[in-house]
Structure formats: C-alpha cells, structure tokens
Amino acid sequence: MSLLIVSILLLNACSKVEEVQHISVFVSETSEQDDEGFFVTTGYKKVNSITIIEESKHHVKTVIKSIEDFYDIEGNYLKTEIIHSTFNKSYVTQKEDAESLKEEIQKPSTILIPDENIELFKLDNKTKEVEEKVKEHVLSFMDML
C-alpha cells in the first residue's frame, strides 16, 4: 500500500498543473418539472461566482464559490444561497469525491446586476478591477459556511 502512495505522490510531483479562474456575474432562469414531466420556468436567479479549475495529467479539481439570489416569475425576491462546492477526480485511481456547503440567508446579496430588464443578463468584458471587486465580494460571504 505504501508503495502505491509513494508512486502516486511521485506522479503528481512530476506533472504540470494548470489552473484557470473564472469570475462570473449573470442571471439564469430557474425551472421545475411539472406533473407531466415538462420543465417550466419558475423564476430566475442572480449569480456572482468564482470558479477555479485545476487540472493535471493525473487529476481534476473544481471549486465553485457563489452567491445566488432567487426570484419568482414576477420578480419577487425569495432567498439567497451562499454556496461553496468542490469536486475532485483522480485519473490514476478513478476516485471521485465532492462536497458542498450551503447557507441560506434572507437578504439579496449579489452585486453588479440590474433590477430591471435582466432577462438572461451576463456581465461580459469585465475589467480586472470589476473581477477583483466581485471576487472580494463573494469571498467575504464564505465565512458564513
């Protein structure tokens, strides 16, 4: 067993790890399945998120930290979810594990998304300053988890 662990550690040490970070500000529809099996739009959610993907020849790791404000179809605020989720997969052992922490609060908390005309809103062409502002904002909520 210890030989296997040493082999895995050596393989990991010799592989190049690439990391990509995405900062997102967007709105998406929420939906639920009705009695007939069709998905119907129930509202929308405003999202500020940080997604980090780390990949090498031997593994992939994804971390998502987000703030999601939920609204009904009429635009009435429902709730906010603070989420921190991780997913890991080893290409060597094929082992997968995932974990998700979630906290619900009752105060709209996303930033940089308008209140009107937000159908499928997405903030593109973000400056470094805007990305840093969103990143700091999302990270400030992670202590709640």
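For the structure itself, look to the data block above.
Since the structure is predicted, the reported quantities are computational estimates derived from the model, not experimental observations.

(A) Expanded view of the packing of aromatic side chains. Taken as a whole, this structure holds 2 aromatic pairs when the rule is applied. Taking the centre distance of 5.1 Å and the plane angle of 10° together, the rings of Tyr44 and Tyr71 count as stacked. With a gap of 27 residues between them, Tyr44 in strand 2 (residues 39-55) and Tyr71 in strand 3 (residues 59-72) connect regions that are remote in the sequence. Accessibility classification places Tyr44 together with Tyr71 in one group, the buried group. A centroid spacing of 5.6 Å and a plane angle of 70° characterise the contact between Tyr71 and Tyr77, whose relative ring orientation is edge-to-face. Of the residues examined, Tyr71 reaches a relative accessible area of 9% and is grouped as buried. By relative accessible area, Tyr77 is classed as partly exposed at 24%. By the ring-pair criterion, three or more aromatic residues cluster together here, those being Tyr44, Tyr71 and Tyr77.

(B) Region of interest: the nonpolar core. Within the largest apolar cluster, 17 residues are counted, with the highest numbers of intra-cluster contacts made by Val27, Ile82, Ile113, Ile118, Phe121, Val134 and Val138. Secondary structure elements with two or more residues in this core: strand 1 (18-33), strand 2, strand 3 and helix 2 (128-141). When near neighbours in sequence (up to four residues on either side) are disregarded, Ile113 contacts Val25, Phe26, Val27, Lys46, Val47, Asn48, Ile118 and Phe121.

(C) The arrangement of helix 2 in detail. Across its 14 residues, helix 2 extends 20 Å between first and last C-alpha, which sits within 8% of the 20 Å expected from 1.5 Å per residue. Three or more residues of helix 2 are buried, namely Val134, His137, Val138 and Phe141. Taken end-on, helix 2 shows its buried residues confined to a sector of 95°, consistent with a single buried face. Among the exposed residues of helix 2, those oriented more than 90 degrees off its buried face are Lys128 and Glu129. Buried positions along helix 2 lie against strand 1, strand 2, strand 3, strand 4 (77-90) and strand 5 (96-105).

Scoring rules and cut-offs
Residues numbered from 1 in each chain as written. Predicted model: local features only at pLDDT ≥ 70, side-chain atom pairs only at ≥ 80, totals over all residues. Heavy atoms only, no water. Phe/Tyr/Trp six-rings, centres within 6.5 Å; stacked < 30°, edge-to-face > 60°. Helix = DSSP H or I, 4+ residues; strand = E, 2+ residues; numbered from the N terminus. Buried < 20%, exposed > 50% of the residue type's maximum accessible area, 1.4 Å probe, protein only. Core = buried A, V, L, I, M, F, W, Y, C linked by side-chain atoms within 4.5 Å. Contact = heavy atoms within 4.5 Å. Expected span 1.5 Å × (residues − 1). Arc of directions from axis to C-beta.

Don't take any of this as a statement about function, it's just geometry.
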